[in-house]
Amino acid sequence: MKGDWKKRGFSTRAIHAGQHPDPTTGSVTVPIYATSTYVHDALGEHKGFEYARVQNPTRAALEANVAALEGGLTGHAFASGMSAIATLMTLVKAGEHAVFSRNVYGGTYRFLTQVLSRYGVESSWVDSRDLDAVRAAIQPRTRLLYVETPTNPMMEITDLAGAAELARAHDLVFAVDNTFMSPYFQRPLELGADVVVHSTTKFLNGHSDSIGGVLVAKRPEHGEWFAFVSKSEGAILSPFDSFLVLRGIKTLGVRMERHEANARAVVAALVAHRKVRSVLWPGLPTHAGHEVQKRQASGFGALLTFDLGSFEAAKRFLDRVEVMSLAESLGGVETLTSHPASMTHASVPPAKRAELGITDGLVRISVGIEDEADLVADVEQALAAV
Ligand SMILES: Cc1ncc(COP(=O)(O)O)c(C=O)c1O
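Since the structure is predicted, the reported quantities are computational estimates derived from the model, not experimental observations. (Residues numbered from 1 in each chain as written. Predicted model: local features only at pLDDT ≥ 70, side-chain atom pairs only at ≥ 80, totals over all residues. Heavy atoms only, no water.)

1. Describing the packing of aromatic side chains
And step 1. The tally for this structure, following the rule as stated, stands at nine aromatic pairs.
And step 2. A centroid spacing of 4.8 Å and a plane angle of 70° characterise the contact between Tyr-109 and Trp-125, whose relative ring orientation is edge-to-face. Of this pair, Tyr-109 sits in helix α4 (residues 106–115) while Trp-125 sits in strand β3 (residues 122–126), and the two are 16 residues apart along the sequence.
And step 3. Centroid distance Tyr-184 to Phe-185: 5.2 Å. Interplanar angle 55°. Geometry classified as tilted.
And step 4. For Tyr-184, a relative accessible area of 18% gives the class buried.
And step 5. We classify Phe-185 as buried; its relative accessible area is 4%.
And step 6. Among the aromatic residues, those joined into a cluster by ring pairs are Phe-100, Tyr-109, Trp-125 and Tyr-146. (Phe/Tyr/Trp six-rings, centres within 6.5 Å; stacked < 30°, edge-to-face > 60°. Helix = DSSP H or I, 4+ residues; strand = E, 2+ residues; numbered from the N terminus. Buried < 20%, exposed > 50% of the residue type's maximum accessible area, 1.4 Å probe, protein only.)

2. Thoughts on the sheet that holds β3
Pairing between the strands of a sheet is mediated by backbone hydrogen bonds and can be parallel or antiparallel.
And step 1. Strand order in the open sheet formed by seven strands is β1-β7-β6-β5-β4-β2-β3, with mixed pairing between adjacent strands. The outermost strands of the open sheet, each flanked by one partner alone, are β1 (74–78) and β3. Across the sheet, the axes of successive neighbouring strands diverge by a mean angle of 20°, strand direction being ignored.
And step 2. Two elements, strand β6 (residues 195–199) and strand β7 (residues 213–217), share five bridges in a ladder whose sense is antiparallel. Bridging across to β7, Val-196 finds its partner in Val-216.
And step 3. Sitting on the sheet, helix α2 (residues 57–70) is in contact with β1, β6 and β7, with an inclination near 125° to β1. (Pairing = 2+ DSSP bridges. Axes fitted to C-alpha atoms, helices over the stretch in contact; angles between N-to-C directions. Contact = heavy atoms within 4.5 Å.)

3. Thoughts on α4
And step 1. By the burial criterion, the buried members of α4 are Gly-106, Gly-107, Thr-108, Phe-111 and Leu-112.
And step 2. Elements in contact with the buried residues of α4: α3 (81–88), β2 (97–101), β3 and β4 (142–148).

4. Let's talk about the sheet that holds strand β9 (residues 303–307)
And step 1. Strand order in the open sheet formed by five strands is β8-β9-β12-β11-β10, and the pairing between neighbours is mixed. Strands at the two margins of the open sheet, each flanked by one partner only, are β8 (278–280) and β10 (325–326).
And step 2. Of the strand pairs in this sheet, strand β11 (residues 336–338) and strand β12 (residues 362–366) are connected by three bridges, and their pairing is antiparallel. Along β12, the bridge assignment pairs Leu-336 with Ser-366.
And step 3. Helix-sheet contacts for helix α10 (residues 252–271) involve β8, β9 and β12, and the interaxial angle to β9 is about 10°.

5. Things to note about the site of the ligand
And step 1. For the ligand, the set of nearby residues contains 13 residues, the closest of which are Met-82, Asp-177, Ser-199, Thr-201 and Lys-202.
And step 2. Side-chain polar atom of Asp-177 to a nitrogen atom of the ligand: 2.7 Å apart, as the coordinates give it.
And step 3. In this structure, Ser-199 approaches the ligand through a side-chain N or O atom, which is 2.8 Å from an oxygen atom.
And step 4. Within the complex, 92% of the 390 Å² of free accessible area of the ligand lies under protein.
And step 5. Counting atoms within 2 Å of the grid points, the majority share of the ligand lands in the largest pocket. (Near = heavy atom within 4 Å. Polar contact = N/O pair within 3.5 Å; in protein donor to acceptor, adjacent residues only side chain to side chain. Areas by Shrake-Rupley, 256 points an atom, 1.4 Å probe, with all protein chains shown as cover. 1 Å grid on protein atoms, 1.4 Å probe; cavity = no way out; pocket = protein on both sides within 12 Å on 5 of 7 lines; lining within 4 Å. Sits in = over half its atoms within 2 Å of the grid points.)

6. Observations regarding empty space enclosed by the protein
And step 1. All told, the structure shown has one cavity of 30 Å³ or more when counted by the stated rule.
And step 2. By volume, the largest cavity is sized at about 60 Å³.
And step 3. Around the largest cavity sit Arg-102, Asn-103, Val-104, Gly-106, Tyr-109, His-345, Val-348, Lys-352 and Leu-356, which together line it.
And step 4. Only α4 and α13 (350–356) provide two or more residues apiece to the lining of the largest cavity. (Points joined across faces, edges and corners; volume = space filled by probe spheres on them.)

7. Here's the deal with the side chain of Asp-22
And step 1. Mapping Asp-22 onto the fold places it in the loop between α1 (10–16) and α2.
And step 2. It is Lys-47 that comes nearest to the buried, bridge-free Asp-22 among opposite-charge side chains, at 12 Å.
And step 3. For Asp-22, the side chain forms a polar contact with the side chain of Tyr-33, separated by 2.8 Å.
And step 4. Not counting the four nearest positions on each side in its chain, Asp-22 is found in contact with Ser-27, Pro-31 and Tyr-33. (Lys, Arg positive; Asp, Glu negative; His and termini not counted. Salt bridge = Lys/Arg side-chain N within 4 Å of Asp/Glu carboxyl O.)

8. Regarding the environment of Gly-18
And step 1. Tracing the backbone through its elements, the reader meets Gly-18 in the loop between α1 and α2.
And step 2. Overall, Gly-18 belongs to the partly exposed group, its relative accessible area being 24%.
And step 3. Along the chain, Gly-18 and Ala-67 lie 49 residues apart, while their C-alpha atoms are 8.9 Å from each other.
And step 4. Ignoring sequence-local partners within four residues, the contact set of Gly-18 consists of Ala-61, Ala-64 and Asn-65.

Everything listed is a geometric property; what it means functionally is a separate question.
Right, dumping it as structure tokens:
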């Protein structure tokens, strides 16, 4: 794209930012540079590419693209969302401490409590909807505040601008896992965050055919550190996966619109059904975080959770769905449904699950982009079996 991409709209940037026609052939899409190394023109002279753990043009295009969409300075692509999070956490040293939203992705909780805890990094887990609770958890040795909003599966919303102010006042790095919203609906860096985390496995790639992760940094010192750790640890995203995610992102805008429209229809069917006890979706005016979500994001997303009252009822629903598939993960074009208590949150102890509100009757849906009428009909026929 010629000219300044920063002036263009979201979908124009999604399709063009970071990408230039291939200099050799003019190829309109960025090729998959499947190479491990690069020939030097002469000793000490190369084209900026030396070894593919450190630099790869396909990965570089994706990194520039995601940085442009989030409004950051640099992007850094990793082999999974978890390896992006692991790299982020290298900002915190032994003897230091980090504050987390209590309801973050289970893998993040596991990494902090069972891996990093062995290396002297301590963590506190708070209900980050309550900024007083966040403030109370900050210690003199706290270095980082990490928020996921909305959370999974309880759809808790954290006020990002408020949390950013707290982080600034205490000189903390403020990181936000923006996987559920994607930059199409929410851009935490614009609200004061320092780093954005994504599992590209979800909405960014969007087609359930790749595992990956990205960090986007706003400050040069963070970008330099992430590039250094990426080179040193080597958990980079492959050229093929970089290509897939770049391709997925081109349709992010249209997919997110359709995901959300379908979610709204499914929510309406659930809310109207007598067997459904409650529905959690930030787009419902009755949702506790609705007003905050309206203020800080331009949409409500495609993840929703509802309560059928018991494990048996949830099982009957999940065994009966036809268009939806019973599977972990989210953010793909296909609708996936899951049972948080026995699937994504099985490693969370029952007492902690109860504290978080994750009951045995909860079902989560990641609404895809199939035909709305088919999804609503599927929900209704599965509910008939409950
Ligand atoms: C919100 C969120 N963050 C991070 C991750 C980890 O990403 P990955 O599975 O790509 O390692 C997940 C995975 O489900 C997630 O849902």
